[in-house]
Amino acid sequence: MLSAVLYQQITRQKVLPVLVLDNNEQARILADCLLEFRLNAIEITLRTPKALNVIEFLATRYPELVVGAGTITSTEQLQDVQQSGAQFALSPGAPESLLQAGQRTEIGFIPGVMTPSEAMLAHSYGYSLLKLFPAEVSGGCTLLKAMGAPLPELNFCPTGGISVKNLAQYLTLDNVPVVGGTWLAPIDQIQQQNWQHIRDNMQQLQAILADFN
Ligand code: 3PG
């Protein structure tokens, strides 16, 4: 589930940066940069050995951030990220074990779907904001428009293949309040410590989002 407050915090900024981080130093530099651009809600993927440490570091040191955990594939991981201080979690999928655990957990949970059946199953458990993953290869904007007609009560956070080139198209859809992705802070640019490149991306994003305010 996702509280109204969390829904507002995640969708307000229209873009949920997905970060794949190896250590707290990367996290510190990026957190300062993201906050400067008023991107408070973030997703830290569980795809590196230090991901839980990074979540704990950011949740403790940056109370103004709304730290989410991504790539949740098991109920144990959902418990782990809650203990590390994540305020919400996202999964690439929607197995019933996670849909049930997401109902019980005290943090927000956004399941991942790719088909109407998966979306309907997630909705039957009470979820109304779903991650569409992988967005571009599953049909992207065309799929979302098609799902909007029979499933108007659902909103989606498309992730997977989103970039500056297509994010505006997604955000014009009625059922897309926010998009996610790594393009804002790409993994290779983080590893090369190319912070200026990431700042440039954020500036470019601000220019695009100006049309949506
Ligand atoms: C995720 O973890 O949500 C996706 O891998 C992000 O996809 P992207 O790298 O295409 O933005």
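Everything that follows concerns the structure shown earlier in this document.
Summary of the structure given here. Keep in mind that this is a model prediction, so the values were computed, not measured.

## Details of the site of the ligand
Then, in step 1: The environment of the ligand is made up of Arg 47, Lys 131, Phe 133, Thr 159, Gly 160, Gly 161, Gly 181 and Thr 182.
Then, in step 2: Lys 131 is positioned with one of its side-chain polar atoms (N or O) 2.7 Å from an oxygen atom of the ligand.
Then, in step 3: Residue Thr 182 places a side-chain N or O atom 2.5 Å away from an oxygen atom belonging to the ligand.
Then, in step 4: Relative to its free-state accessible area of 320 Å², the ligand is covered by the protein chains to the extent of 78%.
Then, in step 5: When grouped by side-chain class, the residues that make up the shell around the ligand number one nonpolar, five polar and two charged.

## Examining the environment of Pro 17
Then, in step 1: Inspection of the secondary structure assignment puts Pro 17 in strand 1 (residues 15–19).
Then, in step 2: The spacing of Pro 17 and Gln 189 is 172 residues in sequence and 14 Å in space, taken between C-alpha atoms.
Then, in step 3: Beyond its immediate stretch of four places on either side in the chain, Pro 17 contacts Leu 34, Leu 39, Ala 41, Ile 42, Glu 43, Gly 181 and Leu 184.

## Quick look at the sheet that holds strand 7 (residues 129–132)
Then, in step 1: Across the sheet, which stays open at both edges, the three strands sit in the order 6-7-8 with parallel pairing between neighbours. Each edge of the open sheet carries a strand with a single partner, namely strand 6 (112–113) and strand 8 (155–158).
Then, in step 2: As defined by bridge partners, strand 7 adjoins strand 8 across four bridges and the pair is classed as parallel. By the bridge assignment, Leu 130 is partnered in strand 8 with Phe 156.

## Re the packing of helix 3 (residues 51–61) against helix 4 (residues 75–84)
For any two helices packed against each other, one specifies the crossing angle of their axes together with the interaxial distance.
Then, in step 1: Their axes nearest at 8 Å, the elements helix 3 and helix 4 cross at an angle of 35°. Two secondary-structure elements touch here, helix 3 through Leu 52, Ile 55, Glu 56 and Ala 59 and helix 4 through Asp 80, Val 81 and Ser 84.
Then, in step 2: Residues that form the contact of helix 3 with helix 4 fall into these classes: four nonpolar, one polar and two charged.

## What to know about the side chain of Thr 45
Then, in step 1: Counting through the fold element by element, Thr 45 comes out in strand 2 (residues 41–45).
Then, in step 2: A residue is classified by how much of its surface remains accessible, and Thr 45, at 0% relative accessible area, is buried.
Then, in step 3: Those residues in contact with Thr 45 that lie beyond four places of it in its chain are Val 18, Leu 19, Val 20, Ala 51, Gly 70 and Thr 71.

## Looking at the sheet that holds strand 2
Then, in step 1: The six strands lie next to each other as 5-4-3-2-1-9, forming an open sheet whose pairing is parallel. The outermost strands of the open sheet, each flanked by one partner alone, are strand 5 (108–110) and strand 9 (179–181). For this sheet, the mean inter-axis angle between neighbouring strands, taken without regard to orientation, is 25°.
Then, in step 2: Here five bridges tie strand 2 to strand 3 (residues 66–70), and the two strands are oriented parallel to one another. Bridging from a neighbouring strand, Thr 45 pairs with Gly 70 of strand 3.

## Section: the pairing of strand 2
Then, in step 1: Judged by how many residues are buried, strand 2 sits mostly within the fold: five of five residues are covered.
Then, in step 2: What you see with strand 2 is no split at all: Ala 41, Glu 43 and Thr 45 on one side and Ile 42 and Ile 44 on the other are buried throughout.
Then, in step 3: The pairing of strand 1 with strand 2 spans two bridges and is parallel. Residue pairing for strand 2: Val 18 is matched across the bridge by Glu 43.
Then, in step 4: As for the winding sense of the linkage, the β-α-β connection from strand 1 through helix 2 (residues 24–36) to strand 2 is right-handed.
Then, in step 5: Viewed along the sheet, the connection from strand 2 through helix 3 into strand 3 turns out right-handed.

The rules behind the values
Residues numbered from 1 in each chain as written. Predicted model: local features only at pLDDT ≥ 70, side-chain atom pairs only at ≥ 80, totals over all residues. Heavy atoms only, no water. Near = heavy atom within 4 Å. Polar contact = N/O pair within 3.5 Å; in protein donor to acceptor, adjacent residues only side chain to side chain. Areas by Shrake-Rupley, 256 points an atom, 1.4 Å probe, with all protein chains shown as cover. Nonpolar A, V, L, I, M, F, W, Y, C, P; charged D, E, K, R; others polar. Helix = DSSP H or I, 4+ residues; strand = E, 2+ residues; numbered from the N terminus. Contact = heavy atoms within 4.5 Å. Pairing = 2+ DSSP bridges. Axes fitted to C-alpha atoms, helices over the stretch in contact; angles between N-to-C directions. Buried < 20%, exposed > 50% of the residue type's maximum accessible area, 1.4 Å probe, protein only. Right-handed = clockwise from strand over helix to strand, strands pointing away.

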